[in-house]
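Geometric and topological summary
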Amino acid sequence: MADSAARAQAWCEACGAWREEDECPSCGQLLLDEEPPPIPWHFKFLVVATVLYLGWRAVQGILWLVGRL
Ligand SMILES: [Zn+2]
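On a predicted model such as this, the values are computed, not experimentally measured, just so you know.

**Topic: the overall build of the protein chain**
On a plain count of helices and strands, the protein chain comes out with two helices and two strands. Taken across its 69 residues, the protein chain has 4% of its residues classed as buried. A separation threshold of at least 6 residues defines the contact pool for the protein chain, and within that pool the share at least 24 residues apart is 12%.

**Some details on helix α2 (residues 41–68)**
If you check α2, its first and last C-alpha atoms are 40 Å apart, about what 28 residues at 1.5 Å a residue would give, namely 40 Å. In terms of burial, α2 is largely open, as just zero of its 28 residues are buried.

**Here we look at the environment of Glu21**
You can see Glu21 is positioned in the loop between β2 (17–19) and α2. With twelve residues separating them in the primary sequence, Glu21 and Gln9 have C-alpha atoms 7.6 Å apart.

**Some details on the environment of Trp11**
Mapped onto the secondary structure, Trp11 falls in strand β1 (residues 10–12). Separated by 21 residues in the primary sequence, Trp11 and Leu32 place their C-alpha atoms 7.6 Å from one another.

**Some thoughts on the environment of Ala10**
Turning to its location among the elements, Ala10 is positioned in strand β1. Residues Ala10 and Cys24, 14 residues apart in the sequence, show an inter-C-alpha distance of 8.7 Å.

**A look at the confidence of the model for the protein chain**
Taken residue by residue, the protein chain gives an average pLDDT of 85. The fraction at 70 or more is 84%. The lowest-confidence element of the protein chain is helix α1 (residues 2–6), averaging 52 in pLDDT; the highest-confidence one is α2, averaging 96.

The rules we used
Residues numbered from 1 in each chain as written. Predicted model: local features only at pLDDT ≥ 70, side-chain atom pairs only at ≥ 80, totals over all residues. Helix = DSSP H or I, 4+ residues; strand = E, 2+ residues; numbered from the N terminus. Buried ≥ 20, exposed ≤ 12 C-beta atoms within 10 Å, placed from the backbone. Contact = placed C-beta atoms within 7 Å. Expected span 1.5 Å × (residues − 1). pLDDT = per-residue confidence, 0-100.

As structure tokens, then:
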């Protein structure tokens, strides 16, 4: 009981649903008791890099506008 309580729910990709059991009751597929993978660090890095790039481009655009005045 304590073991199953500590165990996280398993995700069945075939059914697209969370299952309490090690084996999906709907499709019978063996499930890994793993949480879905976290957001990869390189994705966060990409978002941060994109924000910094766009921010820099905005600064460049403002400087360009000021230079034309
Ligand atoms: Zn299933």
